[in-house]
Amino acid sequence: MTEKRLTPGDTAPEFTLPDADGKEVSLADYRGRKVIVYFYPAASTPGCTKQACDFRDNLAELGGAGIDVLGISPDKPAKLAKFRDNEKLTFPLLSDIDREVLSAWGAYGEKTMYGKKITGVIRSTFLVDEDGKIALAQYNVRATGHVAKLRRDLSV
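The following paragraphs examine the structure supplied in this document. (Residues numbered from 1 in each chain as written. Predicted model: local features only at pLDDT ≥ 70, side-chain atom pairs only at ≥ 80, totals over all residues. Heavy atoms only, no water.)

Across its full length, the protein chain holds four helices and nine strands. In sequence order, the secondary structure elements of the protein chain are arranged as β-β-β-α-β-α-β-α-β-β-β-β-α. Across the 156 residues of the protein chain, 49% fall into the buried class. Taking as baseline every contact in the protein chain between residues at least 6 positions apart, the subset at least 24 positions apart corresponds to 63%. Accessible area for the protein chain stands at about 7,700 Å²; split by element, carbon and sulfur atoms hold 51% of it. (Helix = DSSP H or I, 4+ residues; strand = E, 2+ residues; numbered from the N terminus. Buried < 20%, exposed > 50% of the residue type's maximum accessible area, 1.4 Å probe, protein only. Contact = heavy atoms within 4.5 Å. Areas by Shrake-Rupley, 256 points an atom, 1.4 Å probe, with all protein chains shown as cover.)

Here we come to the environment of glycine 145. Mapped onto the secondary structure, glycine 145 falls in the loop between strand 9 (134-139) and helix 4 (146-154). Separated by 93 residues in sequence, glycine 145 and alanine 52 have C-alpha atoms that sit 11 Å apart.

Another aspect to go through is the state of the cysteines. Here a disulfide denotes one covalent bond, and it connects the sulfur atoms of two cysteines. As enumerated under the stated definition, the model contains zero disulfides in all. With no disulfide of its own, cysteine 48 lies 11 Å from the sulfur of cysteine 53, the closest cysteine sulfur. You can call cysteine 48 buried: its relative accessible area is 2%. (Disulfide = S-S within 2.5 Å.)

For the rest of this paragraph, the subject is the packing of aromatic side chains. Scanning the entire structure with this criterion turns up ten aromatic pairs. Ring geometry for tryptophan 105 against phenylalanine 126: centres 5.0 Å apart, planes inclined by 70°, an arrangement best described as edge-to-face. Taken together, the residues span a long stretch of sequence, with tryptophan 105 in the loop between helix 3 (100-104) and strand 6 (108-113) and phenylalanine 126 in strand 8 (residues 124-128) at a distance of 21 residues. Both residues of the pair, tryptophan 105 and phenylalanine 126, belong to the buried class. In this structure an aromatic cluster arises from ring pairing among Phe15, Phe39, Trp105, Phe126 and Tyr139. One cation-aromatic arrangement involves arginine 5 over tyrosine 139; the distance from NZ or CZ to the ring centre is 4.0 Å. (Phe/Tyr/Trp six-rings, centres within 6.5 Å; stacked < 30°, edge-to-face > 60°. Lys NZ or Arg CZ within 6 Å of the ring centre and 35° of its normal.)

Glancing now at the nonpolar core. Grouped together as the largest cluster of nonpolar side chains are 23 residues, with contacts concentrated most on Phe15, Val37, Phe39, Leu70, Ile72 and Trp105. Going through the elements one at a time, strand 3 (34-39), strand 4 (67-73), helix 3, strand 8 and strand 9 are the ones with two or more residues in this core. It is strand 3 that provides the largest number of residues to this core, a total of three residues. Not counting residues up to four positions away in its chain, the partners in contact with phenylalanine 15 are Val25, Ser26, Leu27, Val37, Leu70, Ile72, Leu94, Val101 and Trp105. By size, the runner-up hydrophobic cluster in this structure holds 22 residues, among which are Cys48, Phe55, Leu89 and Leu93. (Core = buried A, V, L, I, M, F, W, Y, C linked by side-chain atoms within 4.5 Å.)

Turning our attention to the pattern of salt bridges. Counted under the stated rule, the structure contains ten salt bridges. The closest approach of N and O atoms between lysine 4 and aspartate 10, which form a salt bridge, is 4.0 Å. Given the relative accessible area of 23%, aspartate 10 is considered partly exposed. Aspartate 85 is the partner of arginine 84 in a salt bridge, and the nearest nitrogen-oxygen pair spans 2.9 Å. Among the charged side chains, a salt-bridge network with shared partners connects Asp21, Arg84 and Asp85. (Salt bridge = Lys/Arg side-chain N within 4 Å of Asp/Glu carboxyl O.)

A few words on helix 2 (residues 77-87). Along helix 2, the residues classified as buried are Leu80, Ala81, Phe83 and Arg84. Each buried residue of helix 2 lies within a common arc of 165° when the element is viewed along its axis, so the set occupies one face. Structural note: helix 2 exposes Ala78 and Lys82 on the side pointing more than 90 degrees away from its buried face. With its phi angle positive at about 50°, lysine 88 sits one or two positions after the end of helix 2. (Arc of directions from axis to C-beta.)

Put into structure tokens, the structure is as follows:
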């Protein structure tokens, strides 16, 4: 089974998801600004924590370049709130419990983990431009060093 993969120029699939406080956040809220949408497997796990903290630590530079950040995982809002508070995360974490948005973005499906094929969240990062188009699509990204690479790719 091959998942649909998004590529630059595609229209970003719209979504409205609850954040860590249960408040609804839509991709449309960011129209007119660039936004990084990144998908990660699970809050409070080592790789996801490292990645989220990297985004947190680079938020000022990204924001200065007119780029917002949204993190999406299949975790429940309460788990996201704990993750946010523990790690002092300052950008929205959204809950996609039914994995519909993950699937629409090609960030959920078959992947290889420790040599075994499993179905799960594919760590992925996208840059959506001001018009809601995909400007950058990266699948199977590494948790460590990813934000630094992203900043280089975006010249931020």
